[in-house]
Amino acid sequence: MLLGTPAAPKLIVGVHEAFFPGELSASKLSSLRRDEERSYRSSPGARPYYLCPALAHDLLTPVRALITVSTWPLEQRIIGPLSPRVDFLTGAIRVAEAVHAAETSTGGEPSPAALRLLWRFAANIPDALPRSTSEHESALDAQQVIDAAQAELDMHLDADRAARSEASLRARTSLRDAQQLFGAPPQNVTPLRARA
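This structure is a prediction, so every number in the text was calculated from the model and none was measured.

Cut-off values and rules
- Residues numbered from 1 in each chain as written.
- Predicted model: local features only at pLDDT ≥ 70, side-chain atom pairs only at ≥ 80, totals over all residues.
- Heavy atoms only, no water.
- Helix = DSSP H or I, 4+ residues; strand = E, 2+ residues; numbered from the N terminus.
- Buried < 20%, exposed > 50% of the residue type's maximum accessible area, 1.4 Å probe, protein only.
- Contact = heavy atoms within 4.5 Å.
- Areas by Shrake-Rupley, 256 points an atom, 1.4 Å probe, with all protein chains shown as cover.
- pLDDT = per-residue confidence, 0-100.
- Core = buried A, V, L, I, M, F, W, Y, C linked by side-chain atoms within 4.5 Å.
- Pairing = 2+ DSSP bridges.
- Phe/Tyr/Trp six-rings, centres within 6.5 Å; stacked < 30°, edge-to-face > 60°.
- Expected span 1.5 Å × (residues − 1).
- Arc of directions from axis to C-beta.

Student: Please clarify how the overall build of the protein should be interpreted in this entry.
Tutor: A count of helices and strands for the protein gives 7 helices and 3 strands. Mapped from its N terminus to its C terminus, the protein presents α and β elements in the order α-α-β-β-β-α-α-α-α-α. Of all 196 residues assigned to the protein, the portion counted as buried reaches 43%. Intrachain contacts of the protein at a sequence separation of at least 6 include 58% that bridge at least 24 residues. About 10700 Å² of surface is accessible on the protein, with carbon and sulfur atoms providing 55% of the total.

This is how it looks when you write it as structure tokens:
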């Protein structure tokens, strides 16, 4: 929920370790996702939300190893051609905002795990890292990460939204409720390229 984007179990565990108490393992998340589908199919809608896979924009099939939440809009659970980068940048912004909130609310330092996570994001975003090589001056600035990620995100966001929106429209008209959450078998959907 902190990321607000489809994410791999390893990243979800990293975010959990950085900002929340308790333990969480990637292997448990992977098996839990499979259990969630069985639970939904045996009693649809019995719970307020389910963990489910992201859906590929072209075939509307499950995307392996990307977890979403069933309460998110369908567009948010679909992965288009630009979505991996858009989701990465969105995740970077959300993590940087959480680090910034931790700095301002406590007046202290965020956890070392939170700073490591933010560094992992910042290292893959142009202009997100400090320019100085001095250890004292090179402290990561959460606002700089936000600004750099937002600048790149602005370039991709409209095209990504259009691809996700088109795919979600196809999903709503061609998939049953359970398939909109957990994906369709590949043979049930005509590939996007075949329609062109």
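Student: Help me understand unusual backbone geometry in this model?
Tutor: Working note: non-glycine residues mostly have negative phi, and peptide bonds are mostly trans. In the Ramachandran plot, alanine 65 falls in the positive-phi region, its phi being about 70 degrees despite a non-glycine side chain. If you check the backbone angles, aspartate 127 has positive phi at about 65 degrees while not being a glycine. Structurally, aspartate 127 can be placed in the loop between α4 (112–122) and α5 (142–174). Take aspartate 127: its relative accessible area is 56%, and that puts it in the exposed class.

Student: Explanation requested: the confidence of the model for the protein in the structure shown.
Tutor: Close inspection of predicted coordinates is inappropriate for parts of the model with low pLDDT. Mean pLDDT over the protein stands at 89; residues scoring 70 or higher make up 90%. At the level of individual helices and strands, the protein shows its lowest average pLDDT in helix α7 (residues 192–195), which scores 54, and its highest in strand β3 (residues 78–79), which scores 98. Of the regions scoring below 50 in pLDDT, residues 133–137 engages in 2 contacts with residues more than four places distant in sequence or in other chains.

Student: Hey, could you run me through the nonpolar core in this one?
Tutor: Soluble, globular proteins show a tendency: their nonpolar side chains are buried together. Formed by 27 residues in total, the largest nonpolar core has its most connected members in Val95, Leu118, Ile125 and Val145. Looking at this core, the elements with two or more residues in it are α1 (9–19), α3 (83–106), α4 and α5. Counting 8 residues, the second largest nonpolar core, distinct from the first, contains Leu55, Ile78, Ala167 and Leu175.

Student: Would you take a moment to explain the sheet that holds β3 for this structure?
Tutor: Two orientations exist for strands paired in a sheet by backbone hydrogen bonds: parallel and antiparallel. Taken in spatial order, the 3 strands of this open sheet run β2-β1-β3, and their pairing is mixed. Every other strand in the sheet has two partners, leaving β2 (62–69) and β3 as the edge strands with one partner each. Taken together, the 2 bridges between strand β1 (residues 51–56) and β3 define a ladder with parallel strand orientation. Counterpart to leucine 55 in the pairing with β3 is isoleucine 78.

Student: Explain the packing of aromatic side chains to me, please; I cannot follow it from the model alone.
Tutor: Remark: the centre distance and the inter-plane angle together describe each pair of aromatic rings, the angle taken between the planes. One pass over the structure, following the stated rule, counts 3 aromatic pairs. Here tyrosine 40 and tyrosine 50 contribute two aromatic rings whose centre-to-centre distance is 5.2 Å and whose plane-to-plane angle is 90 degrees, an arrangement assigned as edge-to-face. Of the two residues, tyrosine 40 sits in helix α2 (residues 26–42) while tyrosine 50 sits in the loop between α2 and β1, which places them 10 residues apart along the sequence. This pair shows no difference in class: tyrosine 40 is buried, exactly as tyrosine 50 is. Arranged with centres 5.7 Å apart and planes meeting at 50 degrees, the rings of tyrosine 40 and phenylalanine 182 form a pair that is tilted.

Student: Would you mind going over α2 with me for this structure?
Tutor: An α-helical segment advances 3.6 residues per turn. Residues three or four places apart therefore align on the same side. Over its 17 residues, α2 extends 25 Å from the first C-alpha to the last, a length consistent with the 24 Å expected when each residue adds 1.5 Å. Within the span of α2, buried status applies to Leu29, Arg33, Glu36 and Tyr40. On an axial view of α2, the arc spanned by its buried residues comes to 55 degrees, and they lie on one face. Turned more than 90 degrees away from the buried face of α2 sit Ser27, Lys28, Arg38 and Ser42, all of them exposed. Lining the buried residues of α2 we find α1, β1, β2 and α6 (177–182).

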